[in-house]
Amino acid sequence: MSKLWKGRMDENDPVADSFNSSISIDGVLYKQDIIGSIAHAVMLGNTGIIKSEDSDLIVRSLEEILEDLDNGKLIISKKEEDIHSFVENELTKRIGDKGKMLHTARSRNDQVALDTRLYLKEKTEEIINLISSFLEAISDKASQNLYTIMPGYTHLQKAQPVTYAHYLMAYGMMFLRDQERMKDSLKRCMVSPIGSCALAGTTYPIDRIMEGKLLGFKEISQNSMDSVSDRDFCLEFMSNAALLMMHLSRLSEEIILFSSGEFDYIEISEAYSTGSSIMPQKKNPDIAELVRGKTGRVYGNLFALLTVMKGLPLAYNKDMQEDKEALFDSVDTVINCLKVYVPMMKAISIKKEAMEKAAAYGYMNATDLADYLTKKGMPFRDAYKLIGKIVADAIKRKKTLEDIKIEEYKGYSSVFSEDLYQAIDIKECVNRRNSPGGPAPESVKAQIEYIKSQIKKN
Ligand code: ARG
């Protein structure tokens, strides 16, 4: 391996070399590194820092290297220290001394900051699109289930009736926020660090704005020491990824729970289930469980990098090489989880009757009965107390509120009349909750529309 910094120092111990090397991790960045180098060569040529014919030669050769890597003609040598060394050494191998001009007015410190930003931009955009597909999938499912009544829970105890559509749109709002956070983070990711060099800029008459523009950046960073030592953009992504995974994990938990024999509200398609090697009857929700499980590593990656960065003096320190393994893992995990989740959600079948049956038992219309009394003039606290007593008696007698006869109701209070049965009809209970954000079909339709309109903005 030919080191870029061979000059002052003799060879290292091979053990130290291999410990120091990052190519097995940052090899992933070859495309970004070459694209960045092409822009750098163009800028060097345009500003007259190198001759334009030399710049052209470098650009052509870099394009060939990229093509050869893409189609497998050239393999990244694991003997190199990092991807930056590999590309530069390969260039020099191909065009001789002219290749050595490329690193004028550049350092691996601003180069790696650039490569990582270009990589993260592409991956964040992929994730934003995957979230859109996921939102579309659950919005479509919600549209089909506007009238599918299910129990709504607090403390995992039946609370008030909602619909499956309303429930799904709760997740819709979470993932919409995740998507907004991802979009927002792009603003800070897309700031070009190139031209900051090692830490203190350069004496060459470089054109940072032009080089940034060539790479799709609208802005350049404002302080060279910050540019090479900032990993906020990675941490911001990893923190957004952790939140997204937390949401996926909560949804997974409910998919697991709701597909169990005890709930039996939904059925996961066989395509996204696994069997047991010993129990022939089993159909396990492994995909949802794995997504729940993988949330741990995304949290871990965030904490690993926060800890790496904590207490680092300015500017670049080699500790920061540890950013990539954690970042890449979070990126891959989020992408893989979303990729499997979208079709899995589409293929989930809903057991309407089971949900509705579960909603019919559990006194979830008790609040509505209390509201019924208040609307007839009884103070809410008194109504609440009276309904509490009626529910307690009904539980003892194993009856639902609908089972109790009108004469018995009148025994509790003369305010009750026949219309109470309409007030506690479970469908009516849902339909009447038409406040904005509520479970009534018209309210949920508005929620679906909102999500669809936000997706369109992408
Ligand atoms: N492999 C290094 C990293 O990922 C690249 C920057 C190296 N810079 C240096 N001065 N050693 O952080």
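Parameters at a glance
Residues numbered from 1 in each chain as written. Predicted model: local features only at pLDDT ≥ 70, side-chain atom pairs only at ≥ 80, totals over all residues. Heavy atoms only, no water. Helix = DSSP H or I, 4+ residues; strand = E, 2+ residues; numbered from the N terminus. Rg over C-alpha atoms; globule rule 2.2 N^0.38 Å. Buried < 20%, exposed > 50% of the residue type's maximum accessible area, 1.4 Å probe, protein only. Contact = heavy atoms within 4.5 Å. Lys, Arg positive; Asp, Glu negative; His and termini not counted. Charge placed at Lys NZ, Arg CZ, Asp CG, Glu CD. Pairing = 2+ DSSP bridges. Near = heavy atom within 4 Å. Polar contact = N/O pair within 3.5 Å; in protein donor to acceptor, adjacent residues only side chain to side chain. Areas by Shrake-Rupley, 256 points an atom, 1.4 Å probe, with all protein chains shown as cover. Nonpolar A, V, L, I, M, F, W, Y, C, P; charged D, E, K, R; others polar. Expected span 1.5 Å × (residues − 1). Salt bridge = Lys/Arg side-chain N within 4 Å of Asp/Glu carboxyl O. Phe/Tyr/Trp six-rings, centres within 6.5 Å; stacked < 30°, edge-to-face > 60°. Patch = residues over 30% accessible without salt bridge, like charges linked within 9 Å, V, L, I, M, F, W, Y side chains within 5 Å.

Draft legend 1. Summary view of the overall build of the protein chain. In terms of regular secondary structure, the protein chain is built from 19 helices and 6 strands. Against the globule reference of 23 Å for 458 residues, the protein chain gives a C-alpha radius of gyration of 30 Å, more extended than a compact globule. Along the first, second and third principal axes, the C-alpha set of the protein chain runs to 100 × 55 × 40 Å. The buried share among the 458 residues of the protein chain stands at 50%. Summarising the internal contacts of the protein chain: among those between residues at least 6 apart in sequence, 76% fall at separations of at least 24. Within the protein chain, one finds 61 positive and 67 negative side-chain charges whose respective centroids are separated by 5 Å.

Draft legend 2. Looking closely at the pairing of strand S1 (residues 149-154). In terms of strand pairing, S1 meets strand S2 (residues 157-163) through 6 bridges, oriented antiparallel. Residue pairing in the sheet places Ile149 in a bridge with Thr163 of S2.

Draft legend 3. Layout of the site of the ligand. Inspection of the region around the ligand gives Ser22, Asp26, Asp82, His84, Arg108, Asn109, Val112, Tyr316, Gln321 and Lys324 as its neighbouring residues. One of the side-chain N or O atoms of Gln321 is found 2.7 Å from a nitrogen atom in the ligand. Within the complex, 86% of the 350 Å² of free accessible area of the ligand lies under protein. Per-class residue counts for the shell around the ligand are 2 nonpolar, 4 polar and 4 charged.

Draft legend 4. Focus on helix H3 (residues 30-46). An ideal rise of 1.5 Å per residue puts 24 Å on 17 residues; H3 measures up with 24 Å between its terminal C-alpha atoms. One or two positions beyond H3, positive phi appears at Gly48, with a value near 80°.

Draft legend 5. Quick look at the pattern of salt bridges. By the definition in use, this model includes 30 salt bridges. Between Arg292 and Glu253 there is a salt bridge, with its nearest N and O atoms 2.5 Å apart. Linking Arg292 in helix H11 (residues 286-309) with Glu253 in helix H10 (residues 232-258), this pair joins segments that are 39 residues apart in sequence. Judged by relative accessible area, Glu253 falls into the partly exposed class, the value being 32%. Among the charged side chains, a network of salt bridges with common partners joins Asp68, Glu90, Lys93 and Arg94.

Draft legend 6. Examining the environment of Asp207 more closely. Considering the arrangement of structural elements, one finds Asp207 in the loop between strand S3 (191-192) and helix H8 (208-214). Residue classification places Asp207 among the partly exposed positions, given a relative accessible area of 32%. In this structure Asp207 touches Met43 and Thr47, once residues within four positions along its chain are discounted. From its side chain, Asp207 meets the backbone nitrogen of Met210 in a polar contact 3.0 Å long.

Draft legend 7. Inspection of unusual backbone geometry at higher detail. Geometrically, the link from Leu314 to Ala315 is a cis peptide bond, its omega value of 0° lying close to zero. Relative to the helices and strands, Ala315 is located in the loop between H11 and helix H12 (323-347). Unlike most non-glycine residues, Lys398 shows phi in positive territory, near 55°. By relative accessible area, Lys398 is classed as exposed at 77%.

Draft legend 8. Examining the side chain of Asn284 more closely. When you line up the elements, Asn284 lands in the loop between strand S5 (266-267) and H11. If near-sequence neighbours (up to four positions away) are discounted, Asn284 is found in contact with Ser273, Thr274, Gly275 and Ser276.

Draft legend 9. Spotlight on the packing of aromatic side chains. Per the stated rule, a full pass over the model turns up 15 aromatic pairs. Taking the centre distance of 5.6 Å and the plane angle of 70° together, the rings of Tyr167 and Tyr171 count as edge-to-face. Of this pair, Tyr167 and Tyr171 both sit in helix H7 (residues 164-189), 4 residues apart, which is roughly one turn of the helix. In this pair, the class of Tyr167 matches that of Tyr171, namely buried.

Draft legend 10. Local environment of a nonpolar patch on the surface. A cluster of nonpolar side chains, contributed by Leu199, Met225 and Leu314, occupies part of the molecular surface with about 270 Å² of accessible area. Note that Leu314 resides in the loop between H11 and H12. Look at Leu314 and you get exposed, because its relative accessible area is 61%.

Draft legend 11. The side chain of Asp33, seen in detail. By the element assignment, Asp33 lies in helix H3. A polar side-chain atom of Asp33 sits 3.1 Å from a polar atom in the side chain of Gln111. Setting aside chain neighbours within four positions, we find Asp33 in contact with Ile83, His84, Val87, Gln111 and Asp115.

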